[in-house]
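Residue-level structure breakdown
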Amino acid sequence: MNELTEAAPFLPNSASARDRAFVLHPMTNLVQHAAEGPLIVTRGEGIHIVDEQGRRYIEGVSGLWSVTLGFHNERLAQAAYRQMLELPSYHMFRFKSHPTAIELAERLIALSPAPMSKAFFANSGSEANDTAIKLAWYYNNALGRRAKKKIIARRLSRRRHRQRQPHGARPQPPGFRPADRPGPAYGLSAPLALRGARRKRGGVRDAARRHSGETDPRRGTRDRRGLHR
Amino acid sequence: MGTGGILVPPRTYFEKIQAVLKRHDVLFIVDEVICGFGRLGDMFGCQTFGLKPDIITMAKGLSSGYLPISAVLVSEDIYRACLEESSKIGVFGHGFTYSGHPVCAAVAVEALKIYEETDILGQVRAVAPLLQEGLRGFAGHPLVGEVRGIGLMGGLELVKDKAAKTPFPPELNLGLFIERRCQEHGAILRALGDTLTAAPPLIIEPSEIEQILRIIGRALDETYDHASAEGWL
């Protein structure tokens, strides 16, 4: 034990206590988390996860919708290991590339459900969607349509959710003109039978009308809540 | 739509939306982050719903969630516009340090091979009806206002009044209650608002789907008893 730890008045020693002492959790009620602590997952077996007490759970939501092949796939582990030994890291900026990214892009273009030309890589779905929006603006800028910046997403969607998160003050990269800040975003009613569009407000017809900016005779004008970020 | 509570578009929804987009020359971005790579029984949700996007985003199943990687596929028109801008500005000024990281890309390539070699779509199509029929079996439960789902994703929306479809006040957090009951019985499921959702790994066995359904049934009853005892019904 060194001087630092001896000097500390309290050293949390369970994983749960250490978590609460040091981790700021995403998408979590922090008050409830501080009171109750997390479920600490230590291992995966097929479609199961195992917690620190050795309890097994069926992971019925694939983590965050992602773990399609279960939590113990040897082939994926070996693929990572082989690549780690061969070329563990490199980038794709300024005329650099590497065979694995090339192969992935080629496969994705071949697999694509609609004709596509190129694949751009990022690290998360959120980054991919931010990129898609920037590209839509970039495309319209290139065509001289600089005012065409509105984004239409369905209410409750992940995209809308991202629009509400703080985007920070990242400087505009070259090529993205200063006007390309998160712009007006329209919330299109989601097709949710219990709460809205489909049943109560005419659903698709209504959504399509608002989408096109046409007026709704029953409500007077475009969706009142539509224009907000 | 996944995170919004598993909202399956009604038939012709996207057909109509796409016609409006075309008429007004609006680009169509399809987010395949959740639906891509087999979740609905097709490789992409675009195939299930007949979508013709200009841009597709994908992540999650791309690497089976093992490493962080996502991709944006762009049409030839969009690529042409980028090319044009590069000729004026000199650079396509967008990218991340780890764009196309080799280890993430290697795992993604391997995942794509596994999907193909193990006929993951056949597997999903074989087991998905068990989940969908099983969830629809709860439609008569007094707490269940609606059952939604397609492929290997589905949800039960809990309501206070089944006939009027009145939701519970959000501050009661009934969704979290039922999620915790499921966890207690050995299944990690997620409540999105008051919609209890399931979206298991695509390799799930029929017996494991049955197990999830049994746990949901038990948790529903316990949640009903809890809501009754608290006077929330």
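Model, not experiment: these values are computed from the prediction. (Residues numbered from 1 in each chain as written. Chains lettered and ligands numbered in written order. Predicted model: local features only at pLDDT ≥ 70, side-chain atom pairs only at ≥ 80, totals over all residues.)

**Examining the overall build of chain A**
When helices and strands are counted, chain A shows ten helices and six strands. Classification of the 229 residues of chain A by burial places 32% in the buried group. Across chain A, the fraction of contacts at a sequence separation of at least 24, relative to all contacts at a separation of at least 6, is 37%. (Helix = DSSP H or I, 4+ residues; strand = E, 2+ residues; numbered from the N terminus. Buried ≥ 20, exposed ≤ 12 C-beta atoms within 10 Å, placed from the backbone. Contact = placed C-beta atoms within 7 Å.)

**Some words on the overall build of chain B**
Helix and strand counts for chain B stand at seven helices and eight strands. Seen along its three principal axes, the alpha-carbon backbone of chain B occupies a region of about 70 × 40 × 30 Å. Within the span of chain B, comprising 233 residues, buried residues form 54% of the whole. A sequence separation of at least 24 residues applies to 59% of the contacts in chain B between residues at least 6 apart.

**Here's the deal with the interface of chain B and chain A**
Counting residues at the interface gives 97 residues for chain B and 87 residues for chain A. Here the side of chain B that touches chain A takes eleven residues from helix H4 (residues 102-117) of chain B, the largest share from any one element. Grouping the constituent residues of the side of chain B that touches chain A by class yields 58 nonpolar, 26 polar and 13 charged. Where strand S4 (residues 118-122) of chain A and strand S3 (residues 70-74) of chain B come together, five bridges link them in antiparallel fashion. (Nonpolar A, V, L, I, M, F, W, Y, C, P; charged D, E, K, R; others polar. Pairing = 2+ DSSP bridges.)

**Comments concerning the nonpolar core**
Grouped burial of nonpolar side chains is what soluble globular proteins tend to show. Counting 113 residues, the largest nonpolar core has Ala136 of chain A together with Ile55, Ala71, Val72, Leu73, Val107 and Ala108 of chain B as its most contacted members. Top element by residues in this core is H4 of chain B. It accounts for ten residues. Those residues in contact with Val72 of chain B, other than ones at most four positions away along the chain, are Phe120, Ala122, Ala128, Thr131 and Ala132 of chain A together with Ile55 and Thr57 of chain B. (Core = buried A, V, L, I, M, F, W, Y, C linked by C-beta atoms within 7 Å.)

**Focus on helix H3 (residues 76-89) of chain B**
At 3.6 residues per turn, the α-helix brings residues three or four places apart onto the same side. For H3 of chain B, built from 14 residues, the straight-helix expectation of 20 Å at 1.5 Å per residue is met to within 8% by its first-to-last C-alpha distance of 20 Å. Listing the buried residues of H3 of chain B in full gives Ile78, Ala81, Cys82 and Glu85 of chain B. Angular distribution of buried residues about the axis of H3 of chain B spans 100°; they occupy a single face of the element. Along H3 of chain B, exposed side chains directed more than 90 degrees from the buried face belong to Glu76, Leu83 and Ser87 of chain B. As for H3 of chain B, its buried residues are in contact with helix H7 (125-142) of chain A together with strand S2 (55-58) and S3 of chain B. Residue Gly90 of chain B follows H3 of chain B closely and has a positive phi angle near 100°. (Expected span 1.5 Å × (residues − 1). Arc of directions from axis to C-beta.)

**Here's the deal with the confidence of the model for chain B**
Interpretation of this model should avoid reading the predicted coordinates in detail wherever pLDDT is low. Residues with a pLDDT of 70 or more make up 100% of chain B, whose mean pLDDT is 96. On the interface metric, ipTM, the complex scores 0.96, and its pTM is 0.85. (pLDDT = per-residue confidence, 0-100.)

**Concerning the environment of Met43 of chain B**
For Met43 of chain B, the position within the fold is in the loop between strand S1 (29-31) and helix H2 (45-49). The exposure class assigned to Met43 of chain B is buried, which follows from the 23 C-beta atoms found within 10 Å. Considering only alpha carbons, one finds Met43 of chain B and Thr118 of chain B, 75 residues apart in sequence, at a separation of 13 Å. Among all residues touching Met43 of chain B, those that are not within four sequence positions of it are Leu111 and Pro113 of chain A together with Phe37, Gly38 and Leu121 of chain B.

**Re the sheet that holds strand S4 (residues 144-150) of chain B**
All names here are of chain B. Strands sit in the order S4-S5-S8-S7 across an open sheet of four strands; the sheet is antiparallel. With partners counted over all chains shown, the strands left at the sheet margins are S4 and strand S7 (190-192), one partner each. Looking at each pair of strands side by side, their axes are set apart by 25° on average, direction ignored. Pairing analysis gives three bridges linking S7 to strand S8 (residues 195-198), with the strands arranged antiparallel. By the bridge assignment for S8, Ala191 is matched with Leu196. Those strands touched by helix H6 (residues 174-184) are strand S5 (153-158), S7 and S8, and its axis lies near 170° from that of S7. (Axes fitted to C-alpha atoms, helices over the stretch in contact; angles between N-to-C directions.)

**Some remarks on the packing of H6 of chain B against helix H7 (residues 206-229) of chain B**
Residue and element names in this part refer to chain B. Their axes nearest at 9 Å, the elements H6 and H7 cross at an angle of 135°. On the basis of the axis angle, H6 is oblique to H7. Every pair of crossing elements has a handedness; the one defined by H6 and H7 is right-handed. Contacts between H6 and H7 involve Leu174, Phe177, Ile178, Arg181 and Cys182 on the former and, on the latter, Ile215, Ile216, Ala219, Leu220, Glu222, Thr223, His226 and Ala227. Among the residues making up the contact of H6 with H7, the classes are represented as nine nonpolar, two polar and two charged. (Parallel < 35°, antiparallel > 145°, perpendicular 65-115°, else oblique. Left-handed = near helix turned anticlockwise from the far one by under 90°.)

**Structural notes on unusual backbone geometry**
All names here are of chain B. Positive phi values are uncommon outside glycine, yet Lys60 reaches one of about 40°. Mapped onto the elements, Lys60 comes out in the loop between S2 and S3. Even without a glycine there, the phi angle at Asp119 is positive, about 50°. Tracing the backbone shows Asp119 in the loop between H4 and helix H5 (120-136).

**Comments concerning the domain arrangement of chain B**
Residue and element names in this part refer to chain B. Domain boundaries assigned for chain B yield domain 1 (13-117) and domain 2 (120-229). The C-alpha centroid of domain 2 is placed 30 Å from the C-alpha centroid of domain 1. In this assembly, seven residues from domain 1 lie in contact with eleven residues from domain 2. Class assignment for the residues of the side of domain 1 that touches domain 2 results in three nonpolar, two polar and two charged. (Domains from an automatic or database assignment.)

**Notes on the pairing of strand S3 (residues 56-59) of chain A**
As judged from the three bridges shared by strand S2 (residues 48-51) of chain A and S3 of chain A, these two strands associate in the antiparallel manner. Note on S3 of chain A: the bridge partner recorded for Val50 of chain A is Arg56 of chain A. Hairpin connection from S2 of chain A to S3 of chain A: four residues lie between these consecutive antiparallel strands, with Gly54 of chain A at a positive phi of about 85°. Here S3 of chain A runs beside strand S6 (residues 187-188) of chain B; their pairing, made up of two bridges, is parallel. Along S6 of chain B, the bridge assignment pairs Ile58 of chain A with Ala187 of chain B.

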